[in-house]
Structure formats: C-alpha cells, structure tokens
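A structural walkthrough
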Amino acid sequence: MKLPMLALLALSAFAFATTPLEARDQWSKTEAHEWYDTQPWLIGANYNPRTAINQLEMWQAETWDPQTIDQELGWAEGIGMNTMRVYLHNLVWENDPEGFKKRIDQFLAIAAKHKIRPVFVLFDSCWDPNPVAGPQHPPIPGVHNSGWVQAPGATRLADASQYGELEAYVKDIVGTFAEDKRVLAWDVWNEPSNSGGGNYAPTPNKIEMVAKLLDRVFDWAQSVDPAQPLTSGVWIGEPWDQQATLGEIEKIQLSRSDVNTFHDYNWPEDFKRRADEILSYGRPAFCTEYMARGNGSTFDGILPIAKKMNIGMINWGLVDGKSQTRLPWDSWKKPYTADEPTVWFHDVFHSDGTPYRKAETDLIRAYSRAPKGVLPAFAY
C-alpha cells in the first residue's frame, strides 16, 4: 500500500527533527584520502539479480529474491569482487518504507557474508522516464536494458510540490544506514545529465530541473551525517579538469562529491585521459561504470591502467538475466532477435554461473588479490 500523505509528512517531520544541528560538510581532500586509504582496491559490478528486470522488481516485496542474490554474490566473491553498485528507488520506499529498509538490511547481510560492501544509488536519469510500481513488464526480446526505469521519473521531477517526499526518502534511507559499516558509499544520482536513452519520449527541461534538484539531494544526504562518502559520477562534459567548460550538473557533481567517481566505456587511452582529469581534483576516485566489450572497453585493456593508478573499478553487469545487458546499446534500433551479438556487451557470468570468458574472471581474481598499485603477474 502506498504510504499515506499524513504518514509521509510525519516521517518528513521526524527526519527534520532528527537532523543534526549542523549537517556535515563535504569531506576535505585529506579526509577523503584517509577513507580511501583504508579501503581495499575496489573491484566489483553494477548489480541487479538475473530474476529482476529493474530496480522495482529487485526490491518490491512480491519479487524480492534473496536466494538468487546470495548465489550470485557468491559467484562475485569467488572471483575476488569486494563491492557492488546497487540501485534503489523512491517508489519502493513510498509504498513500503519499513519493508524496503528490512530488505536493504537483508541485502547487506547477504553481501557481508560474501565480503562485499555496496555503493547504493538513490536516483537515476537513465531509460524509462515513467516508472510505475507493481508488476513490471517482461523483457522486450533482443533489447538491452528494456525495463530499466528512472528515479524519480519525469512526472515527479516536474512537480516540485512532491520534492518533500523525495527529501524524506533520502533522509530516511541514508539516515537509517548512515553508520552501517556494511555500506561502502552513497551515489546520490546516476548520470543526472543523461537525457534518458532508448526510444522513450524526452522529458522537457529535464537537465534544468535535475540541476536544481541535485544540489538539494546532496544537502539532504549530508544533513543525516553519513559516515560513508557521497558521490555522483560524471560521464560527459569533458574535459573534466577545465572548470570553464563544465556543464552546470558536472560542476555540482565535482564540487559536492566527497570522493569523485566517473564512467567510461571507451578505449584504454580514453580511459587514461579521463582518469587523469578526475585525479586532477586531488581527491581519490573510482570508476563506477565501464566494460563494454564491443565499444573497446574491456577488463584486459582497462584493469592494468586502473590498478596502477589505484582507481577502483565497477563494471556494468554481473550475471546475464532479464536486463539483457549482454546485448549492445544499438539493440534499441535493431533488436537482436535472430542472432546473438558477436561478443557480449556487458556481464561476467551466464545465468548458471559459468563465466562468459574464463580468462576475464581469472584476470579479475588475480588483480583483486594483488596489493594496491601493484600489477599481478598474469598470463593467459
């Protein structure tokens, strides 16, 4: 049942009442490095279980699947992964806040069992702009990520009168787990400057609305004083080390993040250039999306650079499933219904746990075991 408005207002009032007298500031560069220095070299994947087409199907009570999550995180542990980037959704909280938090706690217990600490994502600007709670449609045959939904979505983004619910969601979720050592970090908004993607109708004035809201989301998250770092990863708008040419959203991301994060799905030389630009800010950084084999971004090409630079790496996709991200982005224009792509675009494992390419999982395992900054002796 959707949370009644009175309950939402009461919870929002509670969030304000329990807010520290002084919300924490952005971490200093020294504080950020002190945190990063205590972490292992981070390596993992963006995670959605194979039985869920999107964030809603992952987290709603009716389709919550802890058995599959336990199995798949076991596969990740087996190759040395120590983090996962996991998307939450405000609609799940609005309909079942206490149940949602219990499931997050259960997820954290499963992840901790496998020595994995997740990065939780609060909002997302990619794919379907019209999320609807409840049963989700089946995958569109042959199409990449055909059911992923934005958060909060076009309607909610355009209605400032409902921002109080979004504020209550952020404060309740981040506040509940603010001291939980099982949580690695909070990614407050995935690709906020993304227009959407796919064949969906564009959201009018989306970039302007997101830019105004993103600063507030950082404020809300800071107000509950999380022990974990806050971040939002840049993905376009290069060169990132030139303030004069950055867009408004990129300026917010790079001026408000405790640790900087970025996305890169390109050739190794492009990754190296982008990594240098991010590190120019003097903060530690890790890459929260990479690895698109057909686009030139591979484990073989990128991990040696990242390891040497001490940049943590989180690829897109762990297990092939309902999200169908083994298929490339161009499948939205030409669905792969007759033939499979020559190479998988994303993902590491088949649905039965068999590696797509054993040489890749051997490489990941070798790099995860090597000390920070040290390239392992690895031979195919």
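Residues numbered from 1 in each chain as written. Predicted model: local features only at pLDDT ≥ 70, side-chain atom pairs only at ≥ 80, totals over all residues. Heavy atoms only, no water.

Describing the side chain of K206
- Locating K206 in the fold gives a position in helix α9 (residues 206-223).
- The buried charged residue K206 lacks any salt bridge partner; its closest oppositely charged side chain belongs to D124, at an N-O distance of 7.5 Å.
- A distance of 2.9 Å separates the side chain of K206 from the backbone oxygen of N194, its partner in a polar contact.
- The residues contacting K206, other than those within four sequence positions of it, are S125, Q150, L157, N194, S195 and G196. (Helix = DSSP H or I, 4+ residues; strand = E, 2+ residues; numbered from the N terminus. Buried < 20%, exposed > 50% of the residue type's maximum accessible area, 1.4 Å probe, protein only. Lys, Arg positive; Asp, Glu negative; His and termini not counted. Salt bridge = Lys/Arg side-chain N within 4 Å of Asp/Glu carboxyl O. Polar contact = N/O pair within 3.5 Å; in protein donor to acceptor, adjacent residues only side chain to side chain. Contact = heavy atoms within 4.5 Å.)

Quick notes on the confidence of the model for the chain
- Averaged over every residue, the pLDDT of the chain is 94; the share at 70 or more is 94%.
- Long-range and interchain partners of residues 1-10, a stretch whose pLDDT sits below 50, account for 13 contacts in this model, where long-range means more than four residues apart.
- Here residues 12-21 scores under 50 on pLDDT; set against residues more than four positions off or in separate chains, the count is 10 contacts. (pLDDT = per-residue confidence, 0-100.)

Let's talk about the pattern of salt bridges
- Tallying each qualifying case throughout the model produces 31 salt bridges.
- D70 is the partner of K113 in a salt bridge, and the nearest nitrogen-oxygen pair spans 3.0 Å. Here the residue K113 occupies a position in helix α6 (residues 97-113), and D70 occupies one in helix α4 (residues 66-78), the gap between them amounting to 43 residues.
- With a shortest N-O distance of 2.8 Å, R274 and E238 are connected by a salt bridge. Taken together, the residues R274 in helix α11 (residues 268-279) and E238 in the loop between β5 (230-231) and α10 (248-256) connect sequence positions 36 residues apart.
- Here E238 falls in the partly exposed class, since its relative accessible area comes to 30%.
- Through salt bridges with shared partners, one network takes in E238, D264, D270, R273, R274 and E277.

Some thoughts on the layout of surface pockets
- The computed volume of the largest pocket comes to approximately 410 Å³.
- Here the residues of the lining of the largest pocket are counted per class, giving nine nonpolar, 10 polar and five charged.
- There is about 230 Å³ of room inside the second largest pocket.
- Along its surface, the second largest pocket is lined by 15 residues, and Q60, A61, E62, N95 and G134 are the ones closest to its centre.
- Per-element accounting of the lining of the second largest pocket gives the leading share, three residues, to helix α5 (residues 90-95).
- In terms of residue class, the lining of the second largest pocket is built from six nonpolar, five polar and four charged. (1 Å grid on protein atoms, 1.4 Å probe; cavity = no way out; pocket = protein on both sides within 12 Å on 5 of 7 lines; lining within 4 Å. Points joined across faces, edges and corners; volume = space filled by probe spheres on them. Nonpolar A, V, L, I, M, F, W, Y, C, P; charged D, E, K, R; others polar.)

As for a negative patch on the surface
- A cluster of like negative charges, contributed by D25, E31, E34 and D37, occupies part of the molecular surface.
- Within the fold, D37 resides in helix α2 (residues 29-37). (Patch = residues over 30% accessible without salt bridge, like charges linked within 9 Å, V, L, I, M, F, W, Y side chains within 5 Å. Areas by Shrake-Rupley, 256 points an atom, 1.4 Å probe, with all protein chains shown as cover. Charge placed at Lys NZ, Arg CZ, Asp CG, Glu CD.)

Overview of the sheet that holds strand β8 (residues 312-316)
- Taken together, the eight strands give an open sheet; going across it, the order is β5-β4-β3-β2-β1-β8-β7-β6, and neighbouring strands pair in parallel fashion. A single partner strand is all that each edge strand has here, and the edge strands are β5 and β6 (260-263).
- As paired elements, strand β7 (residues 285-289) and β8 share two bridges and run parallel to each other. Residue pairing for β8: C287 is matched across the bridge by M313.
- In the packing of α11 onto the sheet, the strands contacted are β6, β7 and β8, and the crossing angle to β6 comes to about 160°. (Pairing = 2+ DSSP bridges. Axes fitted to C-alpha atoms, helices over the stretch in contact; angles between N-to-C directions.)

Thoughts on unusual backbone geometry
- P152 follows A151 through a cis peptide bond whose omega is 10°.
- Examined against the element boundaries, P152 turns out to sit in the loop between β3 (119-124) and α7 (154-158).
- For the peptide bond that leads from E238 to P239, omega is 0°, which places it in the cis range.
- Among the secondary structure elements, P239 is positioned in the loop between β5 and α10.
- A positive phi angle is found at W127, which is not glycine, with a value near 70°.
- If you trace the backbone, W127 turns up in the loop between β3 and α7.
- Classification of W127 by relative accessible area gives buried; the value is 13%.
- With phi around 45°, N145 is a residue other than glycine that occupies positive phi space.

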